[in-house]
Amino acid sequence: MEKPNVVTCTAPVNIAVIKYWGKRNEELILPINSSLSVTLHQDQLKTTTTVATSRSFQEDRIWLNGKEEDITHPRLQSCLREIYTLARVFGVEGELSGIARQGSGSACRSMYGGFVQWIMGQKDDGKDSLAQQVEPETHWPELRILVLVVSAERKPVGSTSGMQTSVQTSCLLKHRAESVVPGRMREMIEAVRRKDFAAFAELTMKDSNQFHATCLDTYPPIFYLNRVSQQVISLVHRYNKHYGETRVAYTFDAGPNAVIFTLQQHVPEFVQVVRHFFPPETNGGQFIRGLPVSSVALSEELKQTIGLESTPKGISYIISTKAGPGPCVVEDQHLLGSDGLPKKTV
Ligand code: DP6
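Residues numbered from 1 in each chain as written. Predicted model: local features only at pLDDT ≥ 70, side-chain atom pairs only at ≥ 80, totals over all residues. Heavy atoms only, no water.

### Topic: the overall build of the protein chain
The secondary structure content of the protein chain amounts to eight helices and 16 strands. Relative to the 2.2 N^0.38 estimate, which gives 20 Å for 346 residues, the radius of gyration of the protein chain is 21 Å and therefore close to what a compact globule would have. The C-alpha extent of the protein chain, read off along each of the three principal axes, is 70 × 50 × 40 Å. Relative to its 346 residues, the protein chain shows a buried fraction of 45%. Across the protein chain, every contact between residues at least 6 apart in sequence was considered, and the portion connecting residues at least 24 apart equals 74%. With the model as given, the accessible surface of the protein chain reaches about 17,800 Å², and the carbon-plus-sulfur share is 51%. (Helix = DSSP H or I, 4+ residues; strand = E, 2+ residues; numbered from the N terminus. Rg over C-alpha atoms; globule rule 2.2 N^0.38 Å. Buried < 20%, exposed > 50% of the residue type's maximum accessible area, 1.4 Å probe, protein only. Contact = heavy atoms within 4.5 Å. Areas by Shrake-Rupley, 256 points an atom, 1.4 Å probe, with all protein chains shown as cover.)

Here it is, written out as structure tokens:
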């Protein structure tokens, strides 16, 4: 048997602060508006992909989380077709976000580290609908991200079908894409460049709220936020009000988990506030995971101004992280053996 060529790559997760919601072309995955995200550090969250090729292999096969999946899935075929073409032409060098986009729209922003925009583009063939780095991960070292994991339930409506219904039925979404997002993209890029946390945070919260408003304007409506998500929103606004400045921001995607942005100096107190109003299980797993967070005591006054009712176990755990780099090729984490089959089930 010919010795296979085995390559492994890790890729990051990204969180949008200006949301992508709605396609103008379903097949090529072309969006109705541009979007902007922060790439999260792979020390805390990442995906690992191994590709093994050999002339001796009889067929193409794919495993996702150790389970074999259908290789004929249209999105997967779009990506594989492009990669084969690319390999022939360049030896797989070149612009890869256009390929990632055809797997899943928001994934194209994970092709770069730091602060990344996905420019919607104008062309019918999608050649100008690409991701571009706005600033690298080293640009804003004080920025911190906390993922508040609210519930492990599957999202009620998947983003692909949710945004389809929104495009068909929501006039708020049309207004958002045409008249709101272009200005917000310019303001957000400016806020990131200037490291203006208050401007960044306010735009982030307003854009998350507008995205969820378009979900409610969809017919039938889509609800992604639950009671705990709404409590987190109130908590953040009351916290900021207490200090008379915007120290913390939230954003939510197609599910109830909250993603919090703040600056390093505010992390210990804010985490303590979350722990106070959402007391975790005492014998449960670690509540804070990822970057270490020191513990502080809260003032009675702060607890009183926030004044939320306590929701025990409302938040399962928090992942503490920061901005990080784009995909990396790794030498020592191959998931496939020299026979091209998974080494172990995950
Ligand atoms: C709410 O990228 O998952 O997270 O292109 O259909 O695969 P498809 O959708 P997907 O949508 C992400 C939606 C979002 C907002 C965002 O990440 O910009």
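Structure shown, so let's carry the discussion forward.
### Thoughts on the packing of aromatic side chains
Per the counting criterion, the structure on display carries 12 aromatic pairs. Ring pairing ties together the aromatic residues Phe115, Trp140, Phe197, Phe200 and Phe261, which thus form one cluster. Geometry around tyrosine 243 places arginine 247 over its ring, the cationic atom sitting 3.7 Å from the centre. When the ring centre of tyrosine 317 is taken as origin, the NZ or CZ atom of arginine 289, which lies over that ring, is 3.6 Å away. (Phe/Tyr/Trp six-rings, centres within 6.5 Å; stacked < 30°, edge-to-face > 60°. Lys NZ or Arg CZ within 6 Å of the ring centre and 35° of its normal.)

### Points about the sheet that holds strand 2 (residues 14–18)
One open sheet accounts for four strands, arranged 2-5-9-10; its pairing is antiparallel. One side of each edge strand has no neighbouring strand; the edge strands of this open sheet are strand 2 and strand 10 (131–135). Taken pair by pair, the neighbouring strands of this sheet meet at an average axis angle of 35°, ignoring direction. For strand 5 (residues 35–39) and strand 9 (residues 115–118), the ladder comprises four bridges, and the chain directions are antiparallel. (Pairing = 2+ DSSP bridges. Axes fitted to C-alpha atoms, helices over the stretch in contact; angles between N-to-C directions.)

### So, helix 3 (residues 159–169)
Those residues of helix 3 that sit buried are Gly162, Met163 and Ser166. The buried side chains of helix 3 occupy one side of the element, clustering within an arc of 90° when seen end-on. Looking at the buried positions of helix 3, the neighbouring elements they touch are strand 3 (23–25), helix 4 (171–194) and helix 5 (197–217). (Arc of directions from axis to C-beta.)

### Describing the pattern of salt bridges
Counted according to the given criterion, the structure contains 13 salt bridges. Its salt-bridge partner being lysine 19, residue aspartate 253 comes within 2.6 Å of it at the nearest N-O pair. In this pair, aspartate 253 is assigned in the loop between strand 12 (248–251) and strand 13 (258–263) and lysine 19 in the loop between strand 2 and strand 3, connecting sequence segments 234 residues apart. With a closest N to O distance of 3.1 Å, lysine 303 and glutamate 300 form a salt bridge. Highlighted residues: lysine 303 and glutamate 300, both in helix 8 (residues 300–306), separated by three residues, approximately one helical turn. Relative accessible area serves as the criterion here: at 52%, glutamate 300 is assigned to the exposed category. A cluster of three or more residues bridged by salt bridges with shared partners is formed by Arg176, Arg184 and Asp207. (Salt bridge = Lys/Arg side-chain N within 4 Å of Asp/Glu carboxyl O.)

### Some remarks on the sheet that holds strand 16 (residues 328–330)
Reading across from one edge, 6-1-16 is the order of the three strands in this open sheet, with antiparallel pairing throughout. Strand pairing shows two members of the sheet lacking a second neighbour, strand 6 (47–53) and strand 16, which therefore form its edges. Strand after strand, the sheet turns through a mean of 30° between neighbouring axes, direction not considered. Sheet topology note: the strand 1 (residues 5–11)/strand 16 ladder contains three bridges and is antiparallel. Paired with cysteine 9 across the strands is valine 329, a residue of strand 16.

### Section: the site of the ligand
Tyr20, Lys23, Ser104, Ser106 and Thr160 are the nearest of the 17 residues found near the ligand. Between the ligand and the protein, one listed contact pairs an oxygen atom with a side-chain N or O atom of serine 159 at 2.9 Å. Coverage of the ligand by the protein chains reaches 92% of its 460 Å² of free accessible surface. Looking at the shell around the ligand residue by residue, the class counts come to seven nonpolar, five polar and five charged. (Near = heavy atom within 4 Å. Polar contact = N/O pair within 3.5 Å; in protein donor to acceptor, adjacent residues only side chain to side chain. Nonpolar A, V, L, I, M, F, W, Y, C, P; charged D, E, K, R; others polar.)

### Overview of the side chain of glutamate 135
When you line up the elements, glutamate 135 lands in strand 10. In this structure the side chain of glutamate 135 is engaged in a polar contact, spanning 3.4 Å, whose partner is the side chain of arginine 193. Ignoring any residue separated from it by four or fewer positions in sequence, one finds glutamate 135 in contact with Gly113, Gly114, Phe115, Val192 and Arg193.

### Re unusual backbone geometry
Cis rather than trans, the peptide bond between tyrosine 219 and proline 220 has omega equal to -5°. Despite not being glycine, isoleucine 29 shows a phi value in the positive range, around 55°. When you line up the elements, isoleucine 29 lands in the loop between strand 3 and strand 4 (30–31). With a phi angle near 55°, lysine 195 is a residue other than glycine that sits in the positive phi range. In this structure, lysine 195 sits in the loop between helix 4 and helix 5.

### Details of the side chain of threonine 311
Note on placement: threonine 311 falls in the loop between helix 8 and strand 15 (317–321). Under the relative-accessibility criterion, threonine 311 is labelled buried at 10%. A polar contact of 3.0 Å, which involves the side chain of threonine 311, links it to the side chain of glutamine 231. The contact partners of threonine 311, leaving out residues within four places of it in the chain, are Arg227, Val228, Gln231, Phe277, Phe278 and Pro279.

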